[in-house]
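Descriptive analysis of the structure
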Amino acid sequence: MTIQLRPRHPEKAHKADSAIPRKPRWIRKKKIESAEYYETRKLMREHDLATVCEEAACPNIGECWSKRHATMMIMGEVCTRGCSFCNVTTGKPDTLDAFEPGRVAAAVKKLGLRHVVITSVDRDDLEDGGAEHIAQTIRATRHQNPGTTIEVLTPDFLGKGAAADAVFEAAPDVFNHNLETVPRLYPRVRPGARYYTSLRLLDDAKRANPQLFTKSGIMVGLGETLDDVRQVMDDLRAAQVDFLTVGQYLQPTPKHHPIDRFWSPEEFEQLEQIARAKGFLHVSATPLTRSSFHADEDFAALKEARQMALAKGIQP
């Protein structure tokens, strides 16, 4: 009997192939597969958990898993969106697993994490976009790991009204929602989303709890200009976002959005300087920066930056 596998990216099947350019030297990364790496992978399998590290083909997986840092991806492995840059499977997801929040909490405890990042696929099929499931995962994780700080990277809950309030009320330590790209590229890069809806979500998070750290990220190399990126920074600061991440887009397959160009390390340094001058409490801008890369160290730096600002009489 022949088993018909579900295509990973059915929405991209009709698209013409784009050649994937050779990575410059500053993008290449040595493969790391330590004993800790395999222990982390085994633990994810034992708890039947998906990770964005694997599903999004993150280049930093070896380094992170060798430090026992894994970013949990909840609500299944199938996303209802078909963003042109993303490697996560697109299609019709399964029903939510009511026991998943508890398994995430148990995995965090076994890994001994001081700081955990929990993300998810988009679930446009659900009435609340999965907001209550995210909130339950926050509460379960905090119950089993009272000393662990929690960062969530959420969908935009587009068209779901005040669904995100459930996530805000669960009080994560960091609320992250990525803009991903500049507004003029949304129709091609993020067609299922709306730029100003995402901005409003970040603004709502800060208004719901001014003490909550908010965070967002974009990729470069999709066709944006420096002026485009400057405008995104201004929009994020207007929404009082505390932490900005900027990384180089890497094309997963020939069917995905083509790479426009590779930004140089010097250009990333310039982006960091510009962002800090605009008032972000913390900035991570390097070719290999990803939302959850070095998240524990970045969270410590974020807290320190807020304390320093308050000591100077500045309200961040």
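Just so you know, these numbers come straight off a predicted model, no measurement behind them.

Before going further, it helps to examine the overall build of the protein. Secondary structure assignment for the protein yields 11 helices and 10 strands. For 316 residues, the compact-globule estimate of 2.2 N^0.38 gives 20 Å, and the C-alpha radius of gyration of the protein, at 19 Å, lies within 12% of that figure. Seen through its C-alpha atoms, the protein measures out along the principal axes to roughly 70 × 45 × 45 Å. Relative to its 316 residues, the protein shows a buried fraction of 53%. Counting only carbon and sulfur atoms, one obtains 52% of the accessible surface of the protein, whose full area is about 14,900 Å². A distance of 3 Å separates the average location of the 44 positive side-chain charges in the protein from that of its 43 negative side-chain charges.

Attention now moves to unusual backbone geometry. At Met75, a position not held by glycine, the phi torsion is positive, near 70°. With respect to the secondary-structure elements, Met75 resides in the loop between strand S2 (72-74) and strand S3 (78-79). You will see that Ala171, though not glycine, has its phi angle at about 55°, which is positive. Its location among the elements puts Ala171 in the loop between helix H6 (165-169) and strand S7 (174-176).

Turning our attention to the sheet that holds S7. With respect to topology, eight strands assemble into an open sheet ordered S1-S2-S5-S6-S7-S8-S9-S10, the strand pairing being mixed. Two strands close off the open sheet at either side, each with one partner strand: strand S1 (50-51) and strand S10 (282-285). Relative to S10, strand S9 (residues 243-248) runs parallel, the two being bridged by four bridges. If you follow Thr245 over to S10, its bridge partner there is Ser284. Sitting on the sheet, helix H5 (residues 131-144) touches S2, strand S5 (115-120) and strand S6 (149-153), and the angle it makes with S6 is about 165°.

Axes are the key here: two packed helices are described by the angle between their axes and the distance separating the axes. Relative orientation of the contacting elements helix H4 (residues 100-111) and H5 amounts to 35°, with a least axis distance of 8 Å. In the crossing of H4 with H5, the sense of the turn from one axis to the other is right-handed. Side by side, H4 and H5 meet where Glu100, Pro101, Gly102, Val104, Ala105, Ala106, Val108 and Lys109 of the first sit next to His133, Gln136, Thr137, Ala140, Thr141 and Gln144 of the second. Its residues placed into classes, the contact of H4 with H5 shows six nonpolar, six polar and two charged.

Take the pattern of salt bridges next. Where charged atoms of side chains with opposite charge meet at close range, the side chains can pair. On inspection of all chains with the given rule, the structure shows 21 salt bridges. The salt bridge involving Asp173 is made with Arg142; its shortest N-O contact spans 3.0 Å. Of this pair, Asp173 sits in the loop between H6 and S7 while Arg142 sits in helix H5, placing them 31 residues apart in sequence. Classification of Asp173 by relative accessible area gives partly exposed; the value is 24%. For Arg142, a relative accessible area of 27% translates into the label partly exposed. Notably, a salt bridge pairs Arg230 with Asp227, separated by 4.0 Å at the nearest N-O pair. One end of the pair is Arg230 and the other is Asp227, both in helix H9 (residues 226-238) and three residues apart, which spans about a single turn.

What counts, and at which threshold
Residues numbered from 1 in each chain as written. Predicted model: local features only at pLDDT ≥ 70, side-chain atom pairs only at ≥ 80, totals over all residues. Heavy atoms only, no water. Helix = DSSP H or I, 4+ residues; strand = E, 2+ residues; numbered from the N terminus. Rg over C-alpha atoms; globule rule 2.2 N^0.38 Å. Buried < 20%, exposed > 50% of the residue type's maximum accessible area, 1.4 Å probe, protein only. Areas by Shrake-Rupley, 256 points an atom, 1.4 Å probe, with all protein chains shown as cover. Lys, Arg positive; Asp, Glu negative; His and termini not counted. Charge placed at Lys NZ, Arg CZ, Asp CG, Glu CD. Pairing = 2+ DSSP bridges. Contact = heavy atoms within 4.5 Å. Axes fitted to C-alpha atoms, helices over the stretch in contact; angles between N-to-C directions. Left-handed = near helix turned anticlockwise from the far one by under 90°. Nonpolar A, V, L, I, M, F, W, Y, C, P; charged D, E, K, R; others polar. Salt bridge = Lys/Arg side-chain N within 4 Å of Asp/Glu carboxyl O.

In short, shape yes, function no, at least from these values alone.
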